[in-house]
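# Remarks on the overall topology
Chain by chain, the residues run as shown.
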Amino acid sequence: RGWSRFMTALPIFGPLWHWSSSSELYRALAILLDNQIPLPEALRLTGDGISDAALAAHCRWLATRVEQGSQLHRAMRTSPELPASTFPLSRSGERAGTLVASLRTAAEMLDSRLQAHASIIMQLMPTVVFLLVLCLVGMMLAGFVFAMNAMLRWLW
């Protein structure tokens, strides 16, 4: 669970990790609910089947809350584990009786966000790599010049 939290906290790649894991959770939960599995059991099975340990623990916690009588969207709001932008979808899905479709929509929304963010990173990556290489070459040249200067002073 600590590794999942560390990956989520990374500045640039953390959101990618979190959105990908959340999308996986929503897709797995939608599949289970579509097959008529009760919500608490579906949440536990989803927690057992996803790769993110922090979200898996959150699924088990959500299952307990739902068993105690809480609605899914209310239980989701009490913890910041899932993206807040997906809460209105789960709320409207529960109220309209289309929770499976709402969960799939949330997963698609997160996938779209993931692709857009990854696209931006891929467009910026060549510039960042170029600047890093330029800095390394500049430091090597500066070190060479300083070494040559020190050697010339020693000789004279």
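Criteria and cut-off values
- Position labels on residues start from 1 in each chain and follow its written sequence.
- For a predicted model such as this one, the threshold for reporting local features is a pLDDT of at least 70, and the threshold for listing and counting side-chain atom pairs is 80 or more; totals across whole chains, interfaces and linings nevertheless cover every residue.
- Side-chain descriptors were evaluated using all non-hydrogen atoms of the structure, hydrogens and water having been removed beforehand.
- Numbering goes from the N terminus for both helices and strands, where a helix is a DSSP run of H or I of at least four residues and a strand is a run of E of at least two.
- Burial classes: relative accessible area under 20% of the type maximum marks a residue as buried, over 50% as exposed, and values in between as partly exposed (1.4 Å probe, protein chains only).
- Note on areas: Shrake-Rupley with a 1.4 Å probe; residue coverage comes only from the protein chains shown.
- Think of it this way: Lys and Arg go in the positive column, Asp and Glu in the negative one, and His and the chain ends go nowhere.
- In this description, the location of a charge corresponds to atom NZ of lysine, CZ of arginine, CG of aspartate or CD of glutamate.
- Given a helix with a known number of residues, its expected span is that number minus one, times 1.5 Å.
- Only rings of Phe, Tyr and Trp enter the pairing, Trp through its six-membered ring, and a pair is recorded when the two centres are within 6.5 Å. The plane angle decides the type: under 30 degrees is stacked, over 60 is edge-to-face, the rest tilted.
- Charge-over-ring placement is defined geometrically: NZ (Lys) or CZ (Arg) within 6 Å of the ring centre, and within 35 degrees of the ring normal.
- Note on contacts: a residue pair is in contact if any heavy atoms of the two residues lie within 4.5 Å.
- Per-residue confidence from the predictor is reported as pLDDT, which spans 0 to 100.
- We define the nonpolar core as a collection of buried residues of types Ala, Val, Leu, Ile, Met, Phe, Trp, Tyr and Cys that are connected through side-chain atoms lying within 4.5 Å of one another.
- Criterion for a salt bridge: a side-chain nitrogen of Lys or Arg within 4 Å of a carboxyl oxygen of Asp or Glu.
- Angles run from 0 to 180 degrees between N-to-C directions of axes, and those axes are lines fitted to C-alpha atoms, restricted for helices to the stretch in contact.
- Orientation labels follow simple angle bins: below 35 degrees gives roughly parallel, above 145 gives roughly antiparallel, 65 to 115 gives roughly perpendicular, and whatever is left gives oblique.
- Put simply, a crossing is left-handed when the front helix is turned counterclockwise from the back one by less than a right angle, and right-handed when it is turned clockwise.
- Classification used: nonpolar for Ala, Val, Leu, Ile, Met, Phe, Trp, Tyr, Cys and Pro, charged for Asp, Glu, Lys and Arg, polar for all others including Gly.

### Let's talk about the overall build of the protein chain
Assigned secondary structure in the protein chain consists of seven helices and zero strands. Along the protein chain, helices (α) and strands (β) appear in the sequence α-α-α-α-α-α-α when read from the amino end. Based on the C-alpha atoms only, the size of the protein chain along its principal axes is roughly 85 × 30 × 25 Å. Taking all 156 residues of the protein chain together, the buried fraction comes to 35%. Here the protein chain displays about 9,700 Å² of accessible surface, and carbon together with sulfur accounts for 67% of that area. Where the 13 positive side-chain charges of the protein chain centre and where its 10 negative ones centre are 10 Å apart.

### Here's the deal with helix α2 (residues 14-34)
Helix length check: α2 (21 residues) gives 30 Å between terminal C-alpha atoms against 30 Å at 1.5 Å per residue, within 8%. Q36 occupies a position one or two residues after α2 and carries a positive phi of about 65°.

### Focus on the packing of aromatic side chains
Per the stated rule, a full pass over the model turns up zero aromatic pairs. We note R113 situated over the ring of W19; from NZ or CZ to the ring centre the distance is 5.2 Å.

### A closer look at the side chain of H18
Among the secondary structure elements, H18 is positioned in helix α2. Aside from chain neighbours lying at most four places away, what touches H18 is T8, E81, L82 and P83.

### Some points on unusual backbone geometry
One non-glycine residue, Q36, lies in the positive phi region at around 65°. As for its placement among the helices and strands, Q36 is situated in the loop between α2 and α3 (39-49).

### Let's talk about the confidence of the model for the protein chain
Interpretation of the predicted coordinates at a detailed level should be avoided for regions scoring low in pLDDT. Within the protein chain, residue pLDDT values average 93, and 100% of them lie at 70 or more. The spread of mean pLDDT over the elements of the protein chain runs between helix α1 (residues 2-9), the lowest at 77, and α3, the highest at 96.

### As for the nonpolar core
Membership of the largest hydrophobic core comes to 28 residues, with the highest contact counts inside it found for Y26, L33, L43, L72 and L82. Where this core is concerned, the elements lending two or more residues are α2, α3, α4 (53-67), α5 (72-77) and α7 (99-155). Ranked by residues supplied to this core, first place goes to α2 with seven residues.

### Remarks on the pattern of salt bridges
Where charged atoms from two side chains of opposite charge approach closely, those side chains can pair. Overall, the coordinates contain four salt bridges when judged by the stated rule. Here D111 makes a salt bridge to R27, at a shortest N to O gap of 2.3 Å. Taken together, the residues D111 in helix α7 and R27 in helix α2 connect sequence positions 84 residues apart. Taking the relative accessible area as the measure of exposure, R27 reaches 32% and is therefore partly exposed.

### A closer look at the packing of helix α6 (residues 87-96) against α7
In helix packing, the relevant descriptors are the interaxial angle and the interaxial distance, both defined with respect to the helix axes. Packing of α6 against α7 leaves a shortest axis separation of 7 Å and a crossing angle of 165°. By the angle between their directions, the pair α6 and α7 is classed as roughly antiparallel. With respect to the hand of their crossing, α6 and α7 are arranged in right-handed fashion. For the pair α6 and α7, the contacting residues are L89, S90, S92, G93 and E94 in the first and L99, S102, T105, A106 and M109 in the second. Of the residues assigned to the contact of α6 with α7, the class counts are four nonpolar, five polar and one charged.

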